[in-house]
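Overview (structure and organization)
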Amino acid sequence: MIEEKKNPLGEDPVLKLLIRFSVPAMVGMMVNALYNIVDRIFIGNSPDLGPNGLGGLTIAFPIMIIMMSLGVLFGIGGATLFSIRLGQKKPEESARALGNAAAMLMISGVSVLVIGQLFLPRLLQIFGASETILPYASEYMRIILLGAPFWITSMGLNNFIRADGNPRIAMVTMLLGAGVNVVLDPLFIYGFRMGMTGAALATVISQTLSFSWVLAYFLGKRCNIRLEKKNLRIRRSTATRIFSLGLPNFSLNLASSLLNTVLNHSLIFYGGDIAVSGMGVINSLQTLLFMPVIGLNQGVQPVISFNYGARKFHRVRRAVGLAIVGATLIVVTGFTVTRLFPIQLISLFNRDPELLDFGTKALSAWLLMFPVVGFQIIAANFFQAIGRYRSAMFLTLTRQIILLIPALLVFPRFWGMNGLLHAAPFADFFSFLLTGVWFLAGIRRLSAMAP
């Protein structure tokens, strides 16, 4: 029986747990980032698509972020509740969290599929598509939406595999999907000359395989908590708790979609289609640099949540402290790479001289304060991991909603494109300061609760 076992999350050395859970998650998230990046590289270097294809992906990106947001909402929210209940030695309630989250993930995926297909052209125009870019974005998203139920569900349930104590299997889920995507992209885009449709089809096929893998795990013998039919019936109390715990990350992703929409409109106004394509490249590189921190955050979450539920607060402090150090090392390394090799990084996607010129300047300005971002992510999500979702939601929204979007609207009015590009470091720095104050207060409170 699960309740009779000593869970390693509460017993093993914290550093060992952090490495065990975070390294596979970091590798998996890096590989998962290839879904978007590989599409951009192959499309950007295709003679049939080039900068316009890159622009189409950039416009489609906010819709894909919304899809990811739903996976995060029920996946991370459910996995956090799952981990807390395991820490409290309540495996039946953990199983209920898993079943309810699975049902909500599939329902949300089907809803995105239907709504997206009905209103796609209008949605793409809202997200900033010009007449030139709209056909490319529409062709891509028509296919991507068909895979929405599989992508959202597999992405969400993969968090439970990690929380179930099998981070390596969670990594394989992402390796499987991204690996298939990397193989099929050049085949469909270059071999069969299917253009944007080929890129989207490769992504959907890879997402469907990931979904099958995740489902097989929770219906097989490798899992500790099985996915059972009786737990698929949504219970109001469980669903509400999952929703509240997932809301901070969901809000962050949704804010990212809104941010990209505002950014796309500003880029079109101040820089035209080439600016949209260039910022699409910057977003891809930023995503690649962010993913190890997101993976580290995913890895530390079950460690924090379990030990908080078990009232082992010294282990909670140790885990979050190590995660902050690791995240800071990651972002400083990424920042250094962008400073040393900006032209080489941009040219991976396209060698158009105008795109290279804009991209190298934008990369330098946009990531100016990148070294402080790791702390902000880990410290803000610490509150979610201990169930303080209101604090977590406020801090995760600080950068994008409270600071960055207003800066994107105001700064260009005074400094044009240069002001637009420097809105990001402004938001990074002041959200770092605010999160630091909040985090120190939270740690003091945690220390006061310790026996």
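Everything that follows concerns the structure shown earlier in this document.
Here's what I pulled together on the structure shown here. Worth saying up front: this structure is predicted, and the values here are computed from it rather than measured.

Each value, and the rule that gives it
- Residues numbered from 1 in each chain as written.
- Predicted model: local features only at pLDDT ≥ 70, side-chain atom pairs only at ≥ 80, totals over all residues.
- Heavy atoms only, no water.
- Helix = DSSP H or I, 4+ residues; strand = E, 2+ residues; numbered from the N terminus.
- Expected span 1.5 Å × (residues − 1).
- Salt bridge = Lys/Arg side-chain N within 4 Å of Asp/Glu carboxyl O.
- Buried < 20%, exposed > 50% of the residue type's maximum accessible area, 1.4 Å probe, protein only.
- Bend = angle between axes of the 7 residues up to and from the residue.
- Axes fitted to C-alpha atoms, helices over the stretch in contact; angles between N-to-C directions.
- Parallel < 35°, antiparallel > 145°, perpendicular 65-115°, else oblique.
- Left-handed = near helix turned anticlockwise from the far one by under 90°.
- Contact = heavy atoms within 4.5 Å.
- Nonpolar A, V, L, I, M, F, W, Y, C, P; charged D, E, K, R; others polar.

Another point: helix H13 (residues 373–385). With 13 residues, H13 ought to run about 18 Å at 1.5 Å a step, and its terminal C-alpha atoms sit 18 Å apart, in line with that. Directly after H13, the chain includes Gly387, whose backbone phi takes a positive value near 90 degrees.

Moving on, we come to the pattern of salt bridges. Here the structure, examined in full by the defined rule, presents six salt bridges. Where Lys312 meets Glu11, a salt bridge forms, and the shortest distance between an N and an O atom there is 3.3 Å. Taken together, the positions of Lys312 in the loop between helix H9 (273–309) and helix H10 (313–340) and Glu11 in the segment before helix H1 (14–44) put the pair 301 residues apart, joining distant regions of the chain. Here Lys312 falls in the partly exposed class, since its relative accessible area comes to 23%. With relative accessibility at 44%, the residue Glu11 sits in the partly exposed group. For the salt bridge of Glu93 with Arg85, the shortest nitrogen-to-oxygen distance reads 2.9 Å. Glu93 sits in the partly exposed class, given a relative accessible area of 30%.

In this model, helix H14 (residues 389–421) (33 residues) spans only 31 Å end to end at C-alpha, well below the 48 Å of a helix rising 1.5 Å per residue. The largest bend in H14 comes to about 145 degrees, at Trp415.

For the rest of this paragraph, the subject is the packing of helix H4 (residues 134–146) against helix H7 (residues 195–219). Close contact between H4 and H7 brings their axes to 8 Å; oriented N to C, the two are set at 25 degrees. Accordingly, the angle class assigned to the pair H4 and H7 is roughly parallel. Relative to H7, H4 is oriented so that their crossing is right-handed. Between H4 and H7, the residues in contact are Tyr136, Glu139, Tyr140, Ile143 and Ile144 and Gly195, Met196, Thr197, Ala199, Ala200, Leu201, Thr203 and Val204, respectively. Across the contact of H4 with H7, the residue classes tally to nine nonpolar, three polar and one charged.

Geometric descriptors of this kind do not, in isolation, establish any biological role.
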